[in-house]
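# Coordinate inspection notes
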Amino acid sequence: MADAGNWCLIESDPGVFTEMLRGFAVDGLQVEELWSLDDDKALMKPVYGLIFLFKWRQGDEGAGVPSTKENIFFAQQVIQNACATQALINLLMNVSDPAVKLGPILTQYKEFAIDMDPATRGLCLSNCEDIRTVHNSFSRQTLFELDVKGGYSEDNYHFVTYVPIGDKVFELDGLREAPLEVSDLPDGKDWVEAVRPIIQERMAKYSQGEITFNLMALVPNRQQKYQEMLDALTQANENGELDEQITDITINIQEEERKMTTYRKENARRRHNYTPFVIQLLKILAKEGKLVGLINDAYQKAEARAKKPALNTDKTVLKLKDESMD
C-alpha cells in the first residue's frame, strides 16, 4: 500500500462517522450503531447500507462472487489506516436517493473518478486532500504508552460495507480487487433480512468468545425526518386530534438534538491535546513521591492481566469500541 500522506486510525463510533458526514458536507444522512439486526429503532428506513468492523485475518476469502457490474462504484484501498473512510465513501457513492446530497467534496471526487478502474479510484481518493483532511480531523494526540505486551500479538481490524444495488446485495471491501455479490434481493424482500445470514456466518467463523464486532447503519437524518413529520402533523392538526403524536415527535427531535450534542462533546475530547495536563500531573505525583509506586503498580497489573487465560463466553457480543487497524 502507498502512503499518500499520513492517515490516522479512526474509532468505530457512530458519532465519529456522523461527524465525518458533516465534514464532507453530506446532507440527509447519519450513522447509527446497531446492537442487532433486529434493532428497529436504530434502523430508520430506508437503510442505505451497513458498515461492519471485524478482525481481519490473512486468507479470508469472504462469501460471495466477484462482480464487475458497471453500475457499482467501488474504489480499492491503496493507503494504510483509511479503511473507515474508504468503507463510508464506497457506501455513499452507491446511494441513489435524490433526498441525499453528497456535497461538493464527494460529488467532485465521484465525477472525476467515475470512469476509472477500482485501483485508480482508490489512488485518487488517497490523493484527495479534502477527504484526507476530514479523515485526519479525528487524529488523536500521541500520549505515553507502557510497552508491556505480555505475549499478545497485535490484532488488525477492518471495515467493509454491505449495500443493496439493483436486485443484489454486495460486499464492498477495499482490500479486494472487486465487489462481492453476496445475496439476491427478491422483489419485496428487505435487503437487511437478506444480508443477516451473511453477517452471522462471518461472525461464526471465529472461535466463541474470541472477538467482538461492531455494526453500524447508514440511515436518513433522523432530526430532519422528524421535523418533516412534525410540520405535516402541525399543519393537519386543526381540531387537536394529533396533539399526542405531535408531542411524541417533539420528544424524538429533542432526543436527537441531545445525541448530536453528546457526539460533538465526545469528538472534541477525542481531538483534545491532553499532554500538558498529563505532564503537569506527573510532575505533581513526582513531587509528592507517588509516581514511582504508581508506575510499578501499573506494570504489575499489566503483567497479571497478560497471564490470565482468555475468557469464554456463551454468546458473541456485537460491539467494539476500539480503533481499526489495517
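Residues numbered from 1 in each chain as written. Predicted model: local features only at pLDDT ≥ 70, side-chain atom pairs only at ≥ 80, totals over all residues. Heavy atoms only, no water.

Moving on, we come to the UniProt feature "coiled-coil region" (unreviewed entry) in the protein. According to UniProt, the "coiled-coil region" (unreviewed entry) feature falls on residues 239-266. Note that residues 239-266 is 86% helix and 0% strand, and that its end C-alpha atoms are spaced 43 Å apart. (UniProt positions renumbered as here; feature names shortened; annotations may be inferred. Helix = DSSP H or I, 4+ residues; strand = E, 2+ residues; numbered from the N terminus.)

Our focus in this paragraph is helix α6 (residues 191-204). The first and last C-alpha atoms of α6 sit 21 Å apart over 14 residues, in line with the 20 Å expected at 1.5 Å per residue. For α6, the complete set of buried residues consists of Trp 191, Val 192, Ala 194, Val 195, Arg 196, Ile 198, Ile 199, Arg 202 and Met 203. Where α6 begins, the side chain of Asp 190 points an oxygen toward the backbone nitrogen of Val 192, at a separation of 3.1 Å. (Expected span 1.5 Å × (residues − 1). Buried < 20%, exposed > 50% of the residue type's maximum accessible area, 1.4 Å probe, protein only. Polar contact = N/O pair within 3.5 Å; in protein donor to acceptor, adjacent residues only side chain to side chain.)

Before going further, it helps to examine the sheet that holds strand β3 (residues 65-66). Across the sheet, which stays open at both edges, the 7 strands sit in the order β1-β7-β2-β4-β5-β6-β3 with antiparallel pairing between neighbours. For this open sheet the edge positions go to β1 (29-34) and β3, each flanked by a neighbour on one side alone. Sheet topology note: the strand β2 (residues 49-55)/strand β7 (residues 214-220) ladder contains 5 bridges and is antiparallel. Counted as the bridge partner of Leu 53 is Asn 214 from β7. (Pairing = 2+ DSSP bridges.)

Within the secondary structure layout, Leu 9 lies in the segment before α1 (14-23). Separated by 72 residues in the primary sequence, Leu 9 and Asn 81 place their C-alpha atoms 5.4 Å from one another.

For helix α5 (residues 129-136), the full list of buried residues reads Ile 131, Arg 132, Val 134, His 135 and Asn 136. Residues of α5 that are buried in the fold lie against α1, α2 (83-92), α3 (103-113) and α4 (118-126). (Contact = heavy atoms within 4.5 Å.)

The buried count for strand β5 (residues 168-172) comes to 5 of 5 residues, which makes it a mostly enclosed element. On β5, burial covers both faces: Lys 168, Phe 170 and Leu 172 on one face and Val 169 and Glu 171 on the other are all buried. As judged from the 5 bridges shared by strand β4 (residues 157-165) and β5, these two strands associate in the antiparallel manner. Its bridge partner being in β5, Thr 161 is matched across the sheet by Leu 172. Strand direction decides the pairing type here: β5 and strand β6 (residues 180-184), joined by 4 bridges, are antiparallel. By the bridge assignment, Glu 171 is partnered in β6 with Leu 180.

Those residues carrying the UniProt feature "site: Important for enzyme activity" (unreviewed entry) are Asp 173 in this numbering. For Asp 173, a relative accessible area of 3% puts it in the buried group. When near neighbours in sequence (up to four residues on either side) are disregarded, Asp 173 contacts Phe 74, His 158 and Val 160.

Before going further, it helps to examine the nonpolar core. In this structure, Phe 17, Phe 24, Leu 92, Leu 106, Tyr 109 and Ile 131 are the most contacted members of the largest nonpolar core, which totals 44 residues. Top contributing element to this core by residue count: α2, with 7 residues. Among residues more than four places away in sequence, those in contact with Phe 17 are Ile 10, Glu 11, Ser 12, Val 31, Ile 51, Ala 84, Leu 88, Phe 159 and Met 216. Within the second largest apolar cluster, 24 residues are counted, among which are Val 160, Tyr 162, Leu 215 and Ala 217. (Core = buried A, V, L, I, M, F, W, Y, C linked by side-chain atoms within 4.5 Å.)

Moving on: the pattern of salt bridges. Within the structure shown, the criterion is met by 17 salt bridges. A salt bridge links Arg 271 to Glu 19, with the shortest nitrogen-to-oxygen separation between them at 2.9 Å. Placement of the pair is Arg 271 in helix α8 (residues 243-271) and Glu 19 in helix α1, with a sequence separation of 252 residues. Linking Lys 45 and Asp 190 is a salt bridge whose minimum nitrogen-to-oxygen distance equals 3.5 Å. Of this pair, Lys 45 sits in the loop between β1 and β2 while Asp 190 sits in the loop between β6 and α6, placing them 145 residues apart in sequence. A cluster of three or more residues bridged by salt bridges with shared partners is formed by Glu 32, Arg 222, Glu 256 and Lys 259. (Salt bridge = Lys/Arg side-chain N within 4 Å of Asp/Glu carboxyl O.)

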